[in-house]
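Report on the structure
Residue-level listing of the chains:
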Amino acid sequence: MKYVLVTGGVVSGLGKGVTASSIGVLLKGCGLRVTSIKIDPYLNTDAGTMSPFEHGEVFVLDDGGEVDLDLGNYERFLDIKLTRDNNITTGKIYQSVIDKERKGDYLGKTVQVVPHITDEIQEWIERVAMNPVDGTEEAADVCVIELGGTIGDIESMPFIEALGQFSYRVGPGNFCLVHVSLVPVLNVVGEQKTKPTQHSVRGLRGLGLIPDILACRSTQPLEEQVKVKLAQFCHVSIPNIINLHDVTNIWHIPLLLRDQKAHEAILKVLDLQCVGKVPREPKLAEWTDRASKCDKLKTPVRIAMVGKYTGLSDSYLSVLKALLHASVALNRKLVVEWVPSCDLEDSTAQETPDAYEKAWKSLRGADGVLVPGGFGDRGVQGKILAAKYARENNVPYLGICLGMQIAVIEFARSVMKLHGANSTEFDPATKTPCVIFMPEGSKTHMGATMRLGSRRTLFQVKNCKSAKLYGNASYIDERHRHRYEVNPDMVQEFEKAGLSFVGRDESGTRMEIIELPTHRFFIGSQFHPEFKSRPGNPSPLFLGLIAAASGQLDHLLQRLKGRGICSNGHVMKVYKNGHVMKPLKGLVNGHYPATGNGPIPI
């Protein structure tokens with residue numbers, strides 16, 4: 001097993017996750033199997049209880065792991081399936097060591113950071129790196145490890161020590177350190193400054209880690225004399241100094257790495273140049289085509305994103321990527337109209353009328369409306385108003401998790417005239433509980449107590465839009481993260497009023513997908529389809545939303561009519577540049593590729 005460690009210096013937010021993912025793409029293009037591990041030095045055991053405002057979205061894996069959003073980048077870029085163990089946290093490590101101490105595994109020894117914590121980190125990495133992630137039974141050839149935070153952070157010190165030991169443990173030729181650093185330009189001076197990177201590398205070397213490759217972030221391409229200076233003071237050869245300057249879209253990052261021969265530098269450090277199955281040049285023609293085409297899209301499609309975390313786009317990172325996957329596949333330039341749900345409410349009209357007018361103008365000017373998942377009652381009334389607007393005005397609507405639940409509440413209030421209808425999450429005393437707490441949930445513990453991970457949904461209506469979008473599959477497997485559900489006792493009443501529950505779980509008592517059959521496109525899903533959207537393989541529900549919002553849905557569904565799944569599991573018809581063609585890839589959990597060589601979503 002070979003290991004590539006990606007660290008960061010100077011400031012946070014440099015794009016270590018994208019860099020690590022792009023390195024994985026590069027090595028995968030060279031014919032290697034690649035897996036990834038993200039190390040987060042915080043004490044939380046996982047990301048499940050962390051605020052989206054502080055940490056961004058919580059990404060959910062098939063096994064129910066609630067993990068850092070960078071694991072979403074790894075899965076999207078590398079088209080792999082990771083597990084909760086691929087996200088290492090300080091909390092997990094200490095919990096594991098303490099559990100072993102309580103069982104007496106250390107035979108009475110004093111348990112210390114060194115060697116017990118550091119050994120646990122190294123053993124965890126070696127164990128998880130061997131897990132197959134690409135659908136085969138074979139282990140990866142290379143494991144890309146990203147260390148979260150910035151060099152010098154006190155909470156990272158046990159991991160720095162462990163990784164320093166690990167580099168010696170695996171030996172020369174098996175470990176490559178890529179350090180991502182910042183080369184800023186001060187407006188007053190107007191030149192690229194190397195001192196921050198020099199200090200960062202000096203600190204890294206002082207902690208026992210010696211960088212093999214420098215990945216320098218900058219707004220503009222590095223000047224040659226800057227590279228010479230960095231090589232001189234950081235003791236890294238010029239060919240091993242890679243510049244990751246700002247680009248039009250991040251699909252260009254693997255191409256930047258390729259163009260600067262980063263793969264040759266990494267393969268040399270990992271002693272892989274002589275391996276027969278590794279080509280000299282990575283095969284990235286598909287990435288090149290997609291990155292280029294994405295830059296050329298001009299016809300816009302406007303989607304109103306109605307939520308309460310609109311101040312931080314990372315809170316909806318996977319939703320944004322899934323929207324982009326679908327829009328690029330259908331030759332549309334995605335324009336996201338951020339609509340804070342609170343600003344749609346009557347109270348905002350009185351307190352800050354400008355914000356109220358702006359929010360409603362954005363909503364009314366959108367081609368489609370998306371209400372993503374969320375928790376808590378703040379802004380819920382605004383989301384209900386957005387769902388009502390979309391329903392009454394025949395505007396394409398997609399509600400995810402809470403977005404489905406509020407659509408049910410709005411339908412009960414407006415169509416069924418149940419004016420007190422609500423979720424027990426927002427009003428525990430409601431007399432018309434449309435959405436209720438799941439019986440197996442915990443009201444005392446928040447972490448890992450929701451309905452999490454991949455669950456099966458069975459289609460109840462064969463010719464509904466959702467089933468057609470999923471290639472007329474009889475069932476699908478999608479990822480969940482919720483603790484409230486539609487009240488099964490009210491389902492019959494809802495269906496009599498015209499709301500169709502076209503997808504249910506295997507027991508038939510949990511509602512998974514809703515549709516309004518008479519609406520142009522009004523769909524809600526209890527699961528989170530965004531988590532399984534992939535480059536070239538958009539989520540079908542997002543594809544449907546963009547198709548409806550751009551006037552392509554009728555054509556799309558007509559082309560899919562009667563087109564099912566072949567006996568070999570392939571979809572009979574798939575999309576390429578917005579048109580239906582012969583199959584290019586196999587169906588995966590009801591998903592099909594939107595394009596064989598079209599643009600890759602970021």
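Please read these numbers as outputs of a predicted model, since none were measured by experiment.

Considering the overall build of the chain
Summing up its helical and strand segments, the chain has 20 helices and 23 strands in all. Taken against the 2.2 N^0.38 rule, which gives 25 Å for 602 residues, the C-alpha radius of gyration of the chain at 25 Å falls within 12% of a compact globule. Dimensions along the principal axes, computed over C-alpha positions, put the chain at roughly 75 × 60 × 60 Å. By the burial criterion, 58% of the 602 residues in the chain qualify as buried. Intrachain contacts of the chain at a sequence separation of at least 6 include 71% that bridge at least 24 residues. Element-wise, carbon and sulfur atoms account for 50% of the exposed surface of the chain, whose accessible area totals about 24,200 Å². A gap of 6 Å separates the mean positions of the 70 positive and 66 negative side-chain charges of the chain.

Overview of a nonpolar patch on the surface
A grouping of Leu 186, Val 188 and Val 189 is seen on the molecular surface, where their side chains present a nonpolar patch of about 310 Å² in accessible area. Inspection of the secondary structure assignment puts Val 188 in the loop between strand E7 (175-182) and helix H7 (195-206). Judged by relative accessible area, Val 188 falls into the exposed class, the value being 83%.

Considerations on the sheet that holds strand E16 (residues 451-459)
Either a parallel or an antiparallel arrangement is found when strands of a sheet pair, and the pairing is made through backbone hydrogen bonds. The sheet built from nine strands is open, its strands ordered E11-E10-E12-E13-E21-E20-E19-E16-E17 with mixed pairing. At either margin of the open sheet sits one strand with a lone partner, and together these are strand E11 (333-340) and strand E17 (475-482). Ignoring which end each strand starts from, the neighbouring axes of this sheet average 25 degrees apart. Taken together, the three bridges between strand E10 (residues 300-307) and strand E12 (residues 368-371) define a ladder with parallel strand orientation.

Focus: the pairing of strand E21 (residues 522-525)
By the alternation rule, side chains of E21 split into Phe 522 and Gly 524 and Ile 523 and Ser 525, which are all buried. Pairing of strand E13 (residues 397-400) with E21 involves four bridges; the strand directions are parallel. Residue Leu 398 lies in a different strand from E21, and its bridge partner there is Ile 523. The sheet contact formed by strand E20 (residues 511-515) and E21 spans three bridges and is antiparallel. When the sheet's bridge partners are listed, Ile 514 is paired in E21 with Gly 524. Counting the residues between successive antiparallel strands, the hairpin from E20 to E21 contains six residues.

What about the UniProt feature "domain: CTP synthase N-terminal" (unreviewed entry) in the chain?
According to UniProt, the positions carrying the feature "domain: CTP synthase N-terminal" (unreviewed entry) are residues 2-272. Strand forms 17% of residues 2-272 and helix 41%; the C-alpha atoms that close the span are 9 Å apart.

What about the environment of Asp 259?
Locating Asp 259 in the fold gives a position in helix H9 (residues 252-259). Among the polar contacts listed, one links the side chain of Asp 259 to the side chain of Arg 258, at a separation of 3.0 Å.

What to know about the packing of H9 against helix H11 (residues 285-296)
With their axes 9 Å apart at the nearest point, H9 and H11 run at an angle of 130 degrees to one another. The orientation of H9 with respect to H11, classified from their angle, is oblique. Relative to H11, H9 is oriented so that their crossing is left-handed. Every residue of H11 that contacts H9 at His 252, Pro 254, Leu 255 and Arg 258 is listed here: Trp 287, Thr 288, Ala 291 and Asp 295. When the residues that make up the contact of H9 with H11 are grouped by side-chain class, the tally is four nonpolar, two polar and two charged.

Focus on the pattern of salt bridges
If you walk through the whole model with that rule in mind, you get 28 salt bridges. Between Asp 62 and Lys 81 there is a salt bridge whose closest N-O contact spans 3.3 Å. One end of the pair, Asp 62, is in the loop between strand E3 (59-60) and strand E4 (66-67); the other, Lys 81, is in the loop between helix H3 (70-78) and strand E5 (87-89), with 19 residues separating them in the sequence. Of the residues examined, Lys 81 reaches a relative accessible area of 34% and is grouped as partly exposed. Measuring nitrogen to oxygen at the nearest pair gives 2.7 Å for the salt bridge that ties Glu 66 to Arg 481. Here the residue Glu 66 occupies a position in strand E4, and Arg 481 occupies one in strand E17, the gap between them amounting to 415 residues. The exposure class of Glu 66 is buried, given its relative accessible area of 3%. Within this structure, Asp 62, Glu 75, Asp 79, Lys 81, Arg 479 and Arg 534 form a network of salt bridges that share partners.

What counts and how
- Residues numbered from 1 in each chain as written.
- Predicted model: local features only at pLDDT ≥ 70, side-chain atom pairs only at ≥ 80, totals over all residues.
- Heavy atoms only, no water.
- Helix = DSSP H or I, 4+ residues; strand = E, 2+ residues; numbered from the N terminus.
- Rg over C-alpha atoms; globule rule 2.2 N^0.38 Å.
- Buried < 20%, exposed > 50% of the residue type's maximum accessible area, 1.4 Å probe, protein only.
- Contact = heavy atoms within 4.5 Å.
- Areas by Shrake-Rupley, 256 points an atom, 1.4 Å probe, with all protein chains shown as cover.
- Lys, Arg positive; Asp, Glu negative; His and termini not counted.
- Charge placed at Lys NZ, Arg CZ, Asp CG, Glu CD.
- Patch = residues over 30% accessible without salt bridge, like charges linked within 9 Å, V, L, I, M, F, W, Y side chains within 5 Å.
- Salt bridge = Lys/Arg side-chain N within 4 Å of Asp/Glu carboxyl O.
- Pairing = 2+ DSSP bridges.
- Axes fitted to C-alpha atoms, helices over the stretch in contact; angles between N-to-C directions.
- UniProt positions renumbered as here; feature names shortened; annotations may be inferred.
- Polar contact = N/O pair within 3.5 Å; in protein donor to acceptor, adjacent residues only side chain to side chain.
- Parallel < 35°, antiparallel > 145°, perpendicular 65-115°, else oblique.
- Left-handed = near helix turned anticlockwise from the far one by under 90°.
- Nonpolar A, V, L, I, M, F, W, Y, C, P; charged D, E, K, R; others polar.

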